[in-house]
Amino acid sequence: MRHLLALLAWKPNSFVSDDEAIAQIWGEDHPKDPRATLYTWASRLRRLMGTADSGRQDPGCSLVRRDGGYMLVADPGQVDLHGLRQLVRAGRSARRAGRPEEAYELFDEALRSAHGVPLADLSSPWADRVRWSMELELLTARLQHAQLALASGRCAEVLATLLELADRHPLDEAVAETLIRALYLSGRQGDALGRYRLIRGLLVDQLGQEPGPALRDLHDLVLRRDSVLSADGRGSTQ
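Here the structure is a predicted model, which is why all the values come from computation and not from measurement. (Residues numbered from 1 in each chain as written. Predicted model: local features only at pLDDT ≥ 70, side-chain atom pairs only at ≥ 80, totals over all residues. Heavy atoms only, no water.)

Enquirer: How do you make sense of the nonpolar core when you look at a structure like this?
Expert: One broad trend across soluble globular proteins is that nonpolar side chains are buried collectively. Membership of the largest hydrophobic core comes to 42 residues, with the highest contact counts inside it found for Leu162, Ile180, Leu215 and Val222. Secondary structure elements with two or more residues in this core: helix H4 (80–96), helix H5 (100–112), helix H6 (125–151), helix H7 (155–168), helix H8 (173–185), helix H9 (189–207) and helix H10 (213–224). Top contributing element to this core by residue count: H6, with eight residues. When residues no more than four places from it in sequence are discounted, the contact partners of Leu162 are Leu143, Ala146, Val175, Thr178, Leu179 and Ala182. Within the second largest apolar cluster, 26 residues are counted, among which are Leu7, Leu8, Ala21 and Leu122. (Core = buried A, V, L, I, M, F, W, Y, C linked by side-chain atoms within 4.5 Å. Buried < 20%, exposed > 50% of the residue type's maximum accessible area, 1.4 Å probe, protein only. Helix = DSSP H or I, 4+ residues; strand = E, 2+ residues; numbered from the N terminus. Contact = heavy atoms within 4.5 Å.)

Listed below in structure tokens is the structure:
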């Protein structure tokens with residue numbers, strides 16, 4: 001049942017045919033009568049939403065049957081993922097408009113709604129693809145949130161998050177760069193240099209390549225304690 005809800009919530013107000021739902025949820029390994037299973041799941045979801053009468057329009061969120069498929073009728077902002085995306089888009093707009101404090105608060109609000117691994121209890125090729133896509137979106141948003149925090153002197157607030165991201169994405173140079181900045185701006189030059197040595201070793205050992213120019217330039221700035229690193233809180237070398 002959760003699989004059907006997740007599939008429909010991924011594209012609210014969009015029609016999903018029975019055939020598409022069956023392919024995305026089960027692939028070739030579907031039950032004997034997958035359409036009957038979909039119908040049973042949909043009926044349970046309607047009861048949970050208080051819209052057992054499929055013809056009744058609910059002002060909040062309702063599951064509607066159309067010829068040959070289903071649609072989740074909802075304001076996208078009611079779906080966690082789409083609400084998060086709206087806040088992230090607003091945060092990026094505020095950042096581009098030169099309102100960093102507003103941007104930081106919008107990113108902060110967006111990320112407070114992101115808990116755990118997306119679709120952690122669902123297993124299917126579709127769920128795996130969506131989970132990977134969502135994790136990439138969240139990683140990008142967390143990095144942008146951290147960069148805004150560094151620019152406003154909130155280094156201590158994001159260090160734990162950046163250390164966690166570095167552990168989960170040990171070969172990601174953007175994560176490493178942001179973490180190294182945060183460590184340096186927190187007065188921990190030795191730890192910042194140690195982090196550079198760590199990712200450089202991993203890149204050489206596992207990928208056979210040196211860090212990219214942005215990370216190498218940052219390393220040189222940290223070594224020299226260059227004032228550009230604290231000039232605007234970020235000292236971007238890109």
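Enquirer: Just checking my understanding: could you explain the pairing of strand S3 (residues 69–74) for this structure?
Expert: For a regular strand, side-chain orientation follows a simple rule: the groups alternate between the two sheet faces. When you tally the buried positions in S3, you get five out of six residues, the bulk of the element. The pairing of strand S1 (residues 16–17) with S3 spans two bridges and is classified as antiparallel. Considered in S3, the bridge of Val16 is made with Tyr70. By the bridge criterion, six bridges tie strand S2 (residues 61–66) to S3 in an arrangement that is antiparallel. Along S3, the bridge assignment pairs Arg65 with Tyr70. Here S2 hands over to S3 after two residues, with Gly68 in that stretch at a positive phi of 85°. (Pairing = 2+ DSSP bridges.)

Enquirer: Would you explain the environment of Ile22 in this entry?
Expert: Mapping Ile22 onto the fold places it in helix H2 (residues 18–25). Along the sequence, Ile22 and Leu38 sit 16 residues apart, while their C-alpha atoms lie 8.1 Å from each other. Here Ile22 is in contact with Gly27, His30, Pro34, Arg35 and Leu38, once residues within four sequence places are set aside.

Enquirer: How should I be thinking about H9 in this particular structure?
Expert: Spanning 19 residues, H9 covers 26 Å between terminal C-alpha atoms, matching the ideal 27 Å at 1.5 Å per step. For H9, the full list of buried residues reads Gln189, Ala192, Leu193, Tyr196, Ile199 and Leu203. Relative to the axis of H9, the buried residues are bounded by an arc of 125° and lie together on one face. Of the residues in H9, the exposed ones pointing more than 90 degrees away from the buried face are Gly190, Arg197, Asp205 and Gln206. Contacts made by the buried residues of H9 are with H8 and H10. (Expected span 1.5 Å × (residues − 1). Arc of directions from axis to C-beta.)

Enquirer: Got a minute to help me understand the sheet that holds S2 in this structure?
Expert: Sheet strands pair via backbone hydrogen bonds, and the direction of the pair is either parallel or antiparallel. With respect to topology, three strands assemble into an open sheet ordered S1-S3-S2, the strand pairing being antiparallel. The open sheet has two edge strands, S1 and S2, and neither has a second partner.

Enquirer: Before we go on, may I ask you to explain unusual backbone geometry in this structure?
Expert: The phi torsion of most residues other than glycine is negative, and most of the peptide bonds are trans. Despite not being glycine, Asn13 has its phi angle at roughly 65°, a positive value. In this structure, Asn13 sits in the loop between helix H1 (2–10) and S1.

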